[in-house]
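Understanding the architecture of this molecule
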Amino acid sequence: MQSQHHPTQMLARTSDPRLRIGDAERGRVVDQLADHHAAGRLTLEEFEDRMASAWAARTAADLDVLLRDLPPQPQPSGPSAAATRLRLDPHARTYLAVIALLWLIWLVTGAGYPWPIWPMLGWGIGVIGHYRGHAVRAGPAARGR
């Protein structure tokens, strides 16, 4: 039996779905999964499992599996919800996903000493430095004067 996919649900790929994908494709799927979770189609546990699988995916086929049982998302006539949300680059999205996963592990394993604070602070300094470096190179026009 052939599965039905809506064109907006699948990744926009004209090549072989076995080819490797990058963080941009993974991020788009995580955004779609978040929208489905917000609409009540996925429980928190399902969303977390699929989000972890999306960030671990290597090919477009790996990502397609995560969306296969979800209905296609309607295309709004105005600006999309993703366009109006805070846009984060792949570095920040990866940081937030990993830190959330570390806190979840901490919580599940007994919530003793809050060890995730150390990778959160250490890596967070690097992410903030990355943003500040881009703002300095972009100049006052990019910062809104």
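Reference entry: report on the structure contained in this document. (Residues numbered from 1 in each chain as written. Predicted model: local features only at pLDDT ≥ 70, side-chain atom pairs only at ≥ 80, totals over all residues. Heavy atoms only, no water.)

Comments concerning the overall build of the protein chain
In terms of helices and strands, the protein chain carries seven helices and zero strands. Burial status across the protein chain gives 25% buried among its 145 residues. For the protein chain, contacts bridging at least 24 residues in sequence account for 65% of all contacts bridging at least 6. With the model as given, the accessible surface of the protein chain reaches about 10,000 Å², and the carbon-plus-sulfur share is 62%. (Helix = DSSP H or I, 4+ residues; strand = E, 2+ residues; numbered from the N terminus. Buried < 20%, exposed > 50% of the residue type's maximum accessible area, 1.4 Å probe, protein only. Contact = heavy atoms within 4.5 Å. Areas by Shrake-Rupley, 256 points an atom, 1.4 Å probe, with all protein chains shown as cover.)

Comments concerning the layout of surface pockets
By volume, the second largest pocket is sized at about 250 Å³. Looking at the lining of the second largest pocket, the elements that each hand over two or more residues are α2 (44-56) and α5 (90-108). A class-by-class count of the residues in the lining of the second largest pocket yields nine nonpolar, one polar and two charged. (1 Å grid on protein atoms, 1.4 Å probe; cavity = no way out; pocket = protein on both sides within 12 Å on 5 of 7 lines; lining within 4 Å. Points joined across faces, edges and corners; volume = space filled by probe spheres on them. Nonpolar A, V, L, I, M, F, W, Y, C, P; charged D, E, K, R; others polar.)

Looking at helix α3 (residues 60-67)
Those residues of α3 lying buried are Ala60, Leu63, Asp64, Leu66 and Leu67. Projected down its long axis, α3 shows its buried positions confined to an angular sector of 155 degrees, all on one face. (Arc of directions from axis to C-beta.)

Quick notes on the packing of helix α1 (residues 23-38) against α2
Contact geometry of α1 with α2 gives a least axis separation of 9 Å together with a crossing angle of 175 degrees. Of the possible angle classes, the one that applies to α1 and α2 is roughly antiparallel. Here α1 contributes Asp23, Arg26, Gly27, Val29, Val30, Leu33, Ala34 and His37 to the contact with α2, which in turn contributes Leu44, Phe47, Arg50, Met51, Ala54 and Trp55. Counted by class, the contact of α1 with α2 contains nine nonpolar, two polar and three charged residues. (Axes fitted to C-alpha atoms, helices over the stretch in contact; angles between N-to-C directions. Parallel < 35°, antiparallel > 145°, perpendicular 65-115°, else oblique.)

A word on the nonpolar core
Counting 14 residues, the largest nonpolar core has Val29, Leu33, Ala54 and Leu63 as the members making the most contacts within it. Elements that contribute at least two residues to this core include exactly α1, α2 and α3. For this core, the leading source of residues is α3, giving four residues. Ranked by size, the runner-up nonpolar core spans five residues in total, among them Ala92, Tyr95, Ile99 and Val127. (Core = buried A, V, L, I, M, F, W, Y, C linked by side-chain atoms within 4.5 Å.)

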